[in-house]
Amino acid sequence: MASGDQSKKRKQHYRPQNRPAKKKGAYPLKPGVQGFFISCDGGREYQASQEAINVIDSFFEELTNGSDTKVKPGLFDNPINKKVTFSYSEDEEEDDDENEEEAEGNNDKEEEENKGDGEKKEVTEGGDNQVNEKELASEGSCEVKKLVETETEKDKEDEEKEKNGVDEPPRKKACLEESNPLAKVNENAEKSIDKLIEAELKELGDKSKRRFMKLDPGCNGLVFIQMKRRDGDPSPKDIAQHAMTSAAATKKHMSRFILRLLPIEVSCYPSEEEISRAIKPLVEQYFPVETSNPRKFAVLYGARANTGLDRMKIINTIAKSIPAPHKVDLSNPEMSIVVEIVKTVCLIGVVEKYKELGKYNLRQLTSTN
């Protein structure tokens, strides 16, 4: 006995602050939550939960902000690829033009001198020595002129380099002066963005402030995403219906692992009394007594890891709780009441156009076949 007590004390000694270790993993599904009941491929529950949170969050933002995925008109009217001209490109073009003009001028001078030499040769035909002396004199004068021109060009280039090295041109100074206030504005914007990112990270780290959170239903191929609804937030029904209608319209592939996404607004224990008590707010919201437009409805029942309940009793208790002006229509219902029982939890939600929207199956809606 003494040896066993000592081993327990040693194990407790190495625990942080002598507290028992917390269980890792997702929180279990319990009654009293609302969110989204999702079916996925077996063994891909973790990937499906991550995908579901991203998909639901994106559609939630579209509903709250009223932003569409369409491209705004006039966004690509202006050309994107613009011709960029640098300051030194104009100077180089001017230098090239000057060099071409100088070359043309030299060619003209050489032609004129050649003509003059020919005339001199015609005038002085008497002696070969005179002709040779004049030709040498004319060639020497051309070489002297070329040397003088090259020296003057080098002097000009040196002067320009000295000016550029010592003093900046006025255009560059103006650009530098104008860029200083813009740099300050950019620094302030970066600081504000960093603060916003830090605040978002703190909210994500705090589990109590998360709007969407994964819960473990305890069955293979099932995922539950809890929604902590705040004032002014759309209901899970609105988010799921918006997701399905947009998927059916665009045929855009959204996920790899999600199959069916159903909104859940009420959860309770799977008993007739608890179900009839929990469904009252849904009946008042979607099936009011005093209405000019009575609706046709149907009850969709599903049970997993629970065989102790009678299917028809649960369906009859839900059908009896709907008031008289509304009628049951299994062939073409306007509203469908979803009842999903997972172990010891009953999940209830209301959907519209269940059959028209592919039974709320994302994969079926986005498939092109």
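Residues numbered from 1 in each chain as written. Predicted model: local features only at pLDDT ≥ 70, side-chain atom pairs only at ≥ 80, totals over all residues. Heavy atoms only, no water.

Looking at an unreviewed UniProt entry, the protein chain carries the name THUMP domain-containing protein 1 homolog isoform X1, with the source organism given as Camelina sativa.

Looking at the overall build of the protein chain
This is how it is decided: Counting from the N terminus, the helices are DSSP H or I runs at least four residues long and the strands are E runs at least two residues long. Burial here depends on accessible area, computed with a 1.4 Å probe over protein chains only, as a share of the maximum for the residue type. Under 20% is buried, over 50% is exposed, and the range in between is partly exposed. In these tables, accessible area is a Shrake-Rupley quantity obtained with a 1.4 Å probe, and a residue counts as shielded only by the protein chains included in the view.
Scanning the protein chain from terminus to terminus reveals 10 helices and 10 strands. Counting all 369 residues of the protein chain, 28% fall into the buried class. For the protein chain, the exposed area adds up to about 26,800 Å²; of that, 49% sits on carbon and sulfur atoms.

A short note on helix α9 (residues 311–321)
Along an α-helix, residues three or four positions apart point the same way, because every turn accommodates 3.6 residues. Where we set the bar: Note that the arc is defined by the directions from the helix axis to the C-beta atoms. Every residue pair with non-hydrogen atoms within 4.5 Å of one another is taken to be in contact.
Within α9, the full set of buried residues consists of Ile-314, Ile-315, Thr-317 and Ile-318. For α9, the arc enclosing every buried residue in end-on projection is 160 degrees, short of the 170-degree limit, so these residues lie on one face. Against α7 (272–278), β7 (296–304) and β9 (335–342) lie the buried residues of α9.

Thoughts on helix α6 (residues 236–250)
Rule in force here: For a helix, the expected span equals 1.5 Å multiplied by the number of residues minus one.
For α6, with 15 residues, the first-to-last C-alpha span of 21 Å sits near the 21 Å given by 1.5 Å per residue. Listed in full, the buried residues belonging to α6 are Pro-236, Lys-237, Ile-239, Ala-240, Gln-241, Ala-243, Met-244, Ser-246 and Ala-247. Positive backbone phi, at 55 degrees, marks Lys-251, one or two positions downstream of α6.

Comments concerning the nonpolar core
The nonpolar side chains of a soluble globular protein tend to be buried, and buried together. Where we set the bar: Residues belong to one nonpolar core when they are buried, are Ala, Val, Leu, Ile, Met, Phe, Trp, Tyr or Cys, and are joined through side-chain atoms within 4.5 Å.
Core analysis: the biggest nonpolar cluster contains 40 residues, and Phe-36, Phe-37, Ile-38, Ile-56, Phe-224, Leu-347 and Tyr-360 have the highest contact counts within it. For this core, the element with the most residues is helix α2 (residues 45–65), which contributes six residues. With near-sequence residues (within four places) excluded, Tyr-360 lies in contact with Ala-240, Gln-241, Met-244, Leu-259, Arg-260, Leu-261, Leu-262, Pro-263, Val-351, Glu-352, Lys-353 and Tyr-354. Counting 22 residues, the second largest nonpolar core, distinct from the first, contains Ile-275, Ile-318, Ile-341 and Ile-348.

A short note on unusual backbone geometry
Negative phi characterises most residues that are not glycine, and trans characterises most peptide bonds. Phi is positive for Lys-343, close to 55 degrees, though the residue is something other than glycine. Topologically, Lys-343 is positioned in the loop between β9 and β10 (345–352). One non-glycine residue, Lys-359, lies in positive phi territory at about 55 degrees. The residue Lys-359 is located in the loop between β10 and α10 (362–366) in this model.

Details of the sheet that holds strand β8 (residues 327–328)
We count it as follows: The rule for pairing is simple: two strands pair if DSSP sees at least two bridges between them. Here the axes come from fitting lines to C-alpha atoms, over the contacting stretch only for helices, and the angles between their N-to-C directions go from 0 to 180 degrees.
The strand order β6-β10-β9-β7-β8 describes an open sheet built from five strands, whose pairing is mixed. Unpaired on one side and paired on the other, β6 (266–268) and β8 mark the two borders of the sheet. Note that β6 and β10 share three bridges and pair antiparallel. From the neighbouring strand, Val-266 faces β10, where its bridge partner is Ile-348. Contacting β7 and β9, α9 crosses the sheet at an angle of about 145 degrees to β7.

Observations regarding the sheet that holds strand β5 (residues 258–264)
Spatial ordering of the open sheet is given by β1-β3-β4-β2-β5, a layout of five strands whose pairing is mixed. For this open sheet the edge positions go to β1 (27–28) and β5, each flanked by a neighbour on one side alone. Note: strand β3 (residues 212–216) against strand β4 (residues 222–227), four bridges, orientation antiparallel. Looking across to β4, one finds that Leu-215 is bridged to Phe-224. The strands that α2 touches are β2 (35–40), β3, β4 and β5; relative to β4, the one it contacts most, it runs at about 35 degrees.

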